[in-house]
Amino acid sequence: MLSNDEVKDGFSERGGHPVERKRMMQWSMRITAYAERLLTGLEGLDWPDPVKEMQRNWIGRSLGAEMVFDVEGHDEKIKVFTTRIDTIYGVTYLALAPEHELVANLITEDQRETAVDYVAQAKNRSERDRMSDVKTISGAFTGSYAINPFNEEKIPIWIADYVLAGYGTGAVMAVPSHDERDFNFANHFGLEKRQVLEGDMSNGSFPGKGGTIMNSGFISGMKMQQAMDKAISFLEEKGIGKGKIQYRMRDAIFTRQRYWGEPLPVYFKNNLPYLINESDLPLRLPEVDKYLPTEDGAPPLGRAKDWTYKTESGTYPLEMSTMPGWAGSSWYFFRYMDANNKEEFVGKTAADYWGAVDLYIGGAEHATGHLLYSRFWTKFLFDRGLVSIEEPFQKMINQGMIQGRSNFVYRKKGTNAFVSHGLIGEHEVSPMHVDVNIVYNDQLDLEAFKNWRPDLKDAEFILEDGKYNCGAEVEKMSKSKYNVVNPDDVIESYGADTLRLYEMFLGPLEQFKPWNTNGIDGVFKFLKKLWRLFHDQNGEWNVSDKPASKEALKSLHKTMKKVEEDIERHAFNTSVSSFMICVNELSALKCNNKDVLEPLLVVLSPYAPHIAEELWERLGHQESIINSEFPQAEEKYLTEDSHQYPVSINGKMRAKIELSLSLSKQEIEEAALADEHIQKWTNGQKPKKVIVVPGKIVNIVL
């Protein structure tokens with residue numbers, strides 16, 4: 001058994017063997033029953049708009065009409081769903097999915113060989129291939145005709161693989177003039193194209209939404225919505241159709257034909273499924289000799305010696321498929337709330353206390369998988385009265401990917417000599433990716449390079465100033481590009497705190513960021529400078545219990561306020577910058593006061609927990625720093641009570657003086673004129689004018 005990704009054009013990607021698609025009995029989760037609630041529930045979520053739009057498109061709500069076409073010479077009727085019933089007079093053929101249940105009955109003898117061959121070929125292409133491949137146009141005529149109930153015209157019935165059995169009814173009323181795929185199909189097979197919407201068709205088909213209807217009998221001259229309403233009324237009066245809301249989303253297949261997964265607690269009696277008794281749960285996976293399907297194609301559980309269930313009436317086979325990964329990932333967060341509960345997956349008290357997950361950080365690639373299934377699962381549990389919330393994740397942030405920074409060496413063509421980046425203009429070279437773990441600040445470790453691969457052991461180098469400088473480029477991290485950074489190596493060289501801080505320092509959480517080890521030294525030096533605040537020049541512990549200076553307290557509380565704001569905004573990169581500024585200011589002030597350093601450690605601990613915990617213990621604390629109360633910034637330390645006034649004479653700044661912000665204009669003027677530096681420039685002259693802007697500047701005009 002192969003997944004869709006392993007099949008290309010009806011053949012296995014590995015080996016090129018022909019693949020046959022077979023219908024298989026599968027268990028499904030009826031997520032379609034929740035389609036409307038899943039759609040409307042998005043409005044109240046604090047999620048990125050692109051993720052919500054992906055779910056809206058996946059659910060695919062369409063407002064249209066469902067109708068039936070009679071088939072000439074047959075009792076069967078073809079049911080069609082359309083969002084554009086206003087174009088009904090433009091229908092020139094019907095297209096059925098190759099898997100449609102009526103295909104076999106509608107193929108006439110004169111078309112049988114061609115049509116049957118086409119169906120066999122088309123059915124073995126995955127739906128994903130058929131949806132994405134818009135260039136390949138293929139189809140086969142059944143030989144049968146349908147009757148358009150609006151004008152009694154005969155229209156040919158075709159089989160086309162661009163129609164999917166799982167969406168809508170598996171049948172399409174084709175309007176080539178106003179649908180691109182229908183237009184291309186009609187062009188390819190020479191079918192009629194009939195314009196029923198006013199507009200210019202010189203460039204091909206056009207949807208014409210909102211346009212005026214033409215060539216359409218009793219709805220001619222109407223606008224789109226009016227024509228749709230009138231056409232739906234006609235269907236309902238004739239009893240051949242009705243207005244309908246359709247969803248693109250389909251029920252989710254809930255079984256996998258593999259070993260690893262939760263076994264389904266179902267047994268079969270006379271080919272009918274029954275649930276095993278609750279008292280017999282949990283049902284555990286059996287031992288098997290191989291984790292492979294059986295020789296006759298049954299799932300791996302078919303290899304178990306006794307995969308059966310015993311009841312009073314007999315012994316019966318158990319379901320051999322297992323549950324998918326999302327069987328657990330859709331609700332695991334509830335189990336975290338009450339992990340030791342032996343009776344329930346979560347108790348009501350715990351569920352009511354914790355509620356929804358406050359913040360979910362994850363990639364947008366989960367939008368139509370895990371995130372959608374979790375929402376569905378939670379709504380189901382809510383309906384059963386087992387939880388008190390309808391939405392599992394109230395707020396979501398999509399974190400940006402850490403991109404790789406590749407390094408290159410340049411092989412001189414036809415040799416095993418490598419040219420340094422700055423000299424490649426002088427030689428004919430070809431670039432080659434090199435392992436970033438043997439490059440430091442873009443300089444190649446020559447010996448490590450020679451030991452990297454056997455073919456490089458005799459490598460020669462053309463150097464710049466005795467060094468080999470590598471080229472660099474930002475790319476996706478990939479083993480083939482040798483730019484994957486092993487966190488263990490970084491931790492070994494710099495420590496876990498450096499790695500944590502540097503990842504945050506690279507940029508905003510939501511943005512894609514290139515990994516560049518060239519900047520990691522700066523973060524490492526910051527942590528060493530932090531360490532020195534607690535020690536003297538000889539490395540001895542040196543923390544004072546004396547009250548800190550006003551300047552030191554101001555630096556601390558300014559940092560505390562900024563970090564608190566950054567945490568709320570998830571702007572961790574600017575928090576790291578604030579820590580660096582604070583440590584620099586405290587170092588300049590030679591601050592080693594406990595009343596500053598202690599709260600600084602608490603604020604820093606979520607970012608650099610290991611060094612914070614170590615210093616916290618050395619301060620004499622018995623409990624972990626994680627149990628300490630997070631300090632609050634106090635405004636009294638942040639309020640400025642003085643200002644450094646730049647004093648200009650005839651437009652040129654000549655001095656700066658520190659004055660209290662409480663002084664009046666007259667007092668500021670007097671203080672400025674009395675300053676010895678200003679008196680040197682005025683040289684006893686009486687100013688013609690003195691301009692004072694409190695809290696800003698002083699300007700003296702002589």
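Analysis parameters
- Residues numbered from 1 in each chain as written.
- Predicted model: local features only at pLDDT ≥ 70, side-chain atom pairs only at ≥ 80, totals over all residues.
- Heavy atoms only, no water.
- Helix = DSSP H or I, 4+ residues; strand = E, 2+ residues; numbered from the N terminus.
- Expected span 1.5 Å × (residues − 1).
- Buried < 20%, exposed > 50% of the residue type's maximum accessible area, 1.4 Å probe, protein only.
- Arc of directions from axis to C-beta.
- Contact = heavy atoms within 4.5 Å.
- Core = buried A, V, L, I, M, F, W, Y, C linked by side-chain atoms within 4.5 Å.
- Disulfide = S-S within 2.5 Å.
- Axes fitted to C-alpha atoms, helices over the stretch in contact; angles between N-to-C directions.
- Parallel < 35°, antiparallel > 145°, perpendicular 65-115°, else oblique.
- Nonpolar A, V, L, I, M, F, W, Y, C, P; charged D, E, K, R; others polar.
- Salt bridge = Lys/Arg side-chain N within 4 Å of Asp/Glu carboxyl O.
- Pairing = 2+ DSSP bridges.

### Brief notes about helix α4 (residues 112-123)
Thought 1: Helix length check: α4 (twelve residues) gives 16 Å between terminal C-alpha atoms against 16 Å at 1.5 Å per residue, within 8%.
Thought 2: Turning to α4, its buried residues number three or more, namely Ala115, Tyr118, Val119 and Ala122. Along the axis of α4, the buried positions cluster into a sector of 100°, meaning they face one direction only. Facing away from the buried side of α4, by more than 90 degrees, are the exposed residues Glu113 and Gln121.
Thought 3: Taken together, the buried residues of α4 touch α3 (103-106), α5 (127-132), β7 (139-147) and β8 (154-160).

### Some points on the nonpolar core
Thought 1: Counting 44 residues, the largest nonpolar core has Leu501, Leu530, Phe534, Phe579, Leu586, Val596 and Tyr607 as its most contacted members.
Thought 2: At the level of elements, α14 (496-505), α15 (520-533), α16 (550-569), α17 (572-588), α18 (594-604) and α19 (609-618) are the ones that each hand at least two residues to this core.
Thought 3: If you tally residues by element for this core, the top one is α18, at seven residues.
Thought 4: Excluding anything up to four places from it in sequence, leucine 530 contacts Val583, Leu600, Leu604 and Ile611.
Thought 5: In this structure, Leu102, Leu106, Met173 and Ile232 belong to the second largest nonpolar core, which totals 42 residues.

### What about the state of the cysteines?
Thought 1: In this structure the tally under the stated criterion is zero disulfides.
Thought 2: The cysteine cysteine 582 is free of any disulfide, with cysteine 591 supplying the nearest cysteine sulfur at 8.5 Å.

### A closer look at α14
Thought 1: Among all positions in α14, only Asp497, Thr498, Leu499, Leu501, Tyr502 and Met504 are buried.
Thought 2: Tucked into the core, α14 has its buried residues touching α13 (487-494), α15, α17 and α19.

### Quick word on the packing of α16 against α17
For any two helices packed against each other, the geometry is given by the interaxial angle and the distance between the axes.
Thought 1: α17 packs onto α16 with a crossing angle of 175° between their chain directions and a minimal axis gap of 9 Å. The angle between α16 and α17 falls in the class roughly antiparallel. For the pair α16 and α17, the contacting residues are Ala552, Ser555, Leu556, Lys558, Thr559, Lys562, Val563, Asp566, Ile567 and Arg569 in the first and Phe572, Thr574, Ser575, Ser578, Phe579, Cys582, Glu585 and Leu586 in the second.
Thought 2: Split by residue class, the contact of α16 with α17 holds eight nonpolar, five polar and five charged.

### Section: the pattern of salt bridges
Thought 1: Scanning all chains against the criterion turns up 30 salt bridges.
Thought 2: Across the pair arginine 303 and glutamate 295 runs a salt bridge whose closest N-O atoms are separated by 3.4 Å.
Thought 3: In this structure glutamate 295 comes out as exposed when scored by relative accessible area, which is 70%.
Thought 4: Glutamate 585 is paired through a salt bridge with lysine 558; the nearest N and O atoms lie 3.1 Å apart.

### Side note on the pairing of strand β6 (residues 93-96)
Thought 1: Of the two faces of β6, both are covered, the one formed by Tyr93 and Ala95 as well as the one formed by Leu94 and Leu96.
Thought 2: Looking at chain direction, β6 and strand β9 (residues 171-174) are connected through four bridges and run antiparallel. Across the sheet, residue leucine 96 finds its bridge partner in β9, namely alanine 171.
Thought 3: Across three bridges, the pairing between β6 and β8 is parallel. Opposite leucine 96, over in β8, you have isoleucine 159 as the bridge partner.

Just geometry here; none of it tells us what the structure is for.
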